[in-house]
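Coordinate analysis (summary)
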Amino acid sequence: MDTSRAGARERDAADPLAAFADRFDVPGLYMDGNSLGPISQDAERTLDRVREEWRERAIGGWTDGDPPWFEYAEALGDRLAPLVGADSSEVVVANSTTVNIHTLIDTFLEDGTVVVNELDFPTDHYAIRAQLRRRGLDPDEHLVVVESRDGRTIDADDVIDALSEDVDVLFMPSVLYRSGQLFDLERLTSAAHDHGALAGFDLAHSVGVVDHALGEIGVDFAVWCHYKYCNAGPGAPAGLYVAERHFDRRPALPGWWGHEKETQFELRQTYTPAPDAGAYQIGTPPVLAMAPLEGALETIEAAGIEAIRENSLELTEYLISLADERLPECTVGTPREPARRGGHVALEHPDAYGVCHALKERDVVVDFRPPNVIRVCPSPLYTSFEDVYRVVEEFVEVLEEGEYEGIEPKDADVT
Ligand SMILES: Cc1ncc(COP(=O)(O)O)c(C=O)c1O
């Protein structure tokens, strides 16, 4: 691979997504879109529109907004469905990812066990353990935690070996938040089904950057957030998917916003769930927080999720090649096979915290995940190959100048 700066420029000139960067406002060399995507003109436009609808119509926005706020979560679900490979009835925007894990695990768990892995984002375990406890089940017995062999990745064979007839739900991430390992969801789903278990996934690190075919591969349910690769803004409400064959289940955490829409405002004391994934909404949706997602999805639709995935793989491959060549002090913790790689690259360094801090001083935004990982995310819609080249240049200088030395993590740092 040509790892020169001129080579990066040549790749940018041939990049079909290059022009999308003009739609975003990105502070510095921004490689943190796997934590929080930046604002785009499209997201700002829909946010402004909804704010004006509020100003001009107040309560009328629920029925006369464009689209009406009353069905905004469903309308956005329709737009999201192709990104995850689902039918529009199977997807809705609702709640937060953590709340969605609670409601879906509570709905689908019976009195058996749940299989997870030790490298999960912790909120998943907090929620599942609480759901087990609520049933009087000891989480230490009923949560089967698959261990990592190398501290970075999880071997899918070990996940499959952990399945048994006692398992109600296999709940796995699509992409591990630290190393960026991408799992074969189809293989895990069919292994879960072979054992009579359901397959649920946390897609927080893949929706918007990896294309999915949840319906085709038989996934039972899934959750994800929109503030990362979907660029919908801090704390944007989350997404969820429930396969149509499960529409007869009653949501475990009912609320009036998940009521059948036609009769919701009859305000009966008995709950009739919506006949689709919309039933998993709980309370009134945060319309202003949802509004940027509409515009942000327009950008993703215009680029095309397959093209985004292709571009992401090229950018991460390029970053890995540069790291191999110019950052011998770092270990690449992300799988190198494209089919096992999500949207970011984990560079391991014993002083990862200090390196992140020093890079920030140089306006390079990456993030630190304990104990030794620097996550670098060249998110395709606004990152050029030359940006990746420049990040590695800054990185080399930080290491050469020892700028990372003596910087210790502070408790209050949120990075
Ligand atoms: C895999 C995963 N799940 C869940 C979350 C967070 O969930 P919530 O949006 O409820 O804070 C994150 C946050 O980074 C995550 O990486």
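The structure under discussion appears in the preceding block.
Residues numbered from 1 in each chain as written. Predicted model: local features only at pLDDT ≥ 70, side-chain atom pairs only at ≥ 80, totals over all residues. Heavy atoms only, no water.

Across residues other than glycine, the phi torsion is negative in most instances, and most of the peptide bonds are trans. Following D66, the chain continues to P67 via a peptide bond in cis, the omega torsion being 5°. Within the secondary structure, P67 sits in the loop between helix 3 (61-64) and helix 4 (72-84). The omega angle of the peptide bond from P370 to P371 is 0°, so this bond is cis rather than trans. Among the structural elements, P371 can be located in the loop between strand 14 (367-369) and strand 15 (373-376). For N231, which is not a glycine, the phi torsion comes out positive at approximately 55°. Note on placement: N231 falls in the loop between strand 9 (221-224) and strand 10 (239-242). Positive phi outside glycine occurs at L267, with the angle close to 55°. As for its position among the elements, L267 is in the loop between helix 11 (261-264) and helix 12 (287-303). Given the relative accessible area of 54%, L267 is considered exposed. (Helix = DSSP H or I, 4+ residues; strand = E, 2+ residues; numbered from the N terminus. Buried < 20%, exposed > 50% of the residue type's maximum accessible area, 1.4 Å probe, protein only.)

With 92 residues, the main nonpolar core has I128, F171, L188, L203, W224 and Y241 as its most contacted residues. Per-domain counts for this core show at least three residues from each of domain 1 (5-30 + 304-401) and domain 2 (47-301). Excluding residues that lie within four positions of it along the chain, L188 makes contacts with A156, V159, I160, L170, M172, F183 and F201. If you look at the next biggest cluster of nonpolar residues, it comprises 35 residues, including C330, A358, V376 and Y389. (Core = buried A, V, L, I, M, F, W, Y, C linked by side-chain atoms within 4.5 Å. Domains from an automatic or database assignment. Contact = heavy atoms within 4.5 Å.)

For strand 7 (residues 167-173), the tally of buried residues reaches seven of seven residues, placing the bulk of the element in the interior. Pairing of strand 5 (residues 113-117) with strand 7, which is carried by three bridges, proceeds in the parallel orientation. Bridging across to strand 7, V115 finds its partner in L170. On the question of chirality, the crossover connecting strand 7 to the parallel strand 8 (residues 198-202) by way of helix 9 (residues 185-194) is right-handed. (Pairing = 2+ DSSP bridges. Right-handed = clockwise from strand over helix to strand, strands pointing away.)

Axis separation between helix 14 (residues 352-361) and helix 15 (residues 385-401) bottoms out at 10 Å; the angle between their running directions is 120°. Regarding the angle of helix 14 to helix 15, the classification is oblique. Helix-helix and strand crossings are classified by hand; for helix 14 and helix 15 the assignment is right-handed. When helix 14 is examined against helix 15, the residues V355, A358 and L359 are found in contact with a partner set consisting of E394, F395, V398 and L399. (Axes fitted to C-alpha atoms, helices over the stretch in contact; angles between N-to-C directions. Parallel < 35°, antiparallel > 145°, perpendicular 65-115°, else oblique. Left-handed = near helix turned anticlockwise from the far one by under 90°.)

Moving on to the sheet that holds strand 12 (residues 345-348). What the four strands build is an open sheet, ordered 11-12-15-14; its pairing is antiparallel. Only two strands of the sheet have a single partner each, and these edge strands are strand 11 (331-332) and strand 14. Both strand 14 and strand 15 contribute to a ladder of three bridges, which runs antiparallel. If you follow D367 over to strand 15, its bridge partner there is R375. Across the sheet, helix 13 (residues 305-326) lies against strand 11, strand 12 and strand 15, angled at about 15° from strand 12, the strand it touches most.

Tallied over the full model, the rule gives 30 salt bridges. One salt bridge in this structure joins R9 and E386, with 2.9 Å as the shortest N-O distance. Of the two residues, R9 sits in helix 1 (residues 5-13) while E386 sits in helix 15, which places them 377 residues apart along the sequence. On the accessibility criterion, R9 (46% relative accessible area) is partly exposed. Taking the relative accessible area as the measure of exposure, E386 reaches 16% and is therefore buried. Across the pair R340 and E337 runs a salt bridge whose closest N-O atoms are separated by 3.0 Å. Owing to a relative accessible area of 38%, E337 belongs among the partly exposed residues under this scheme. (Salt bridge = Lys/Arg side-chain N within 4 Å of Asp/Glu carboxyl O.)

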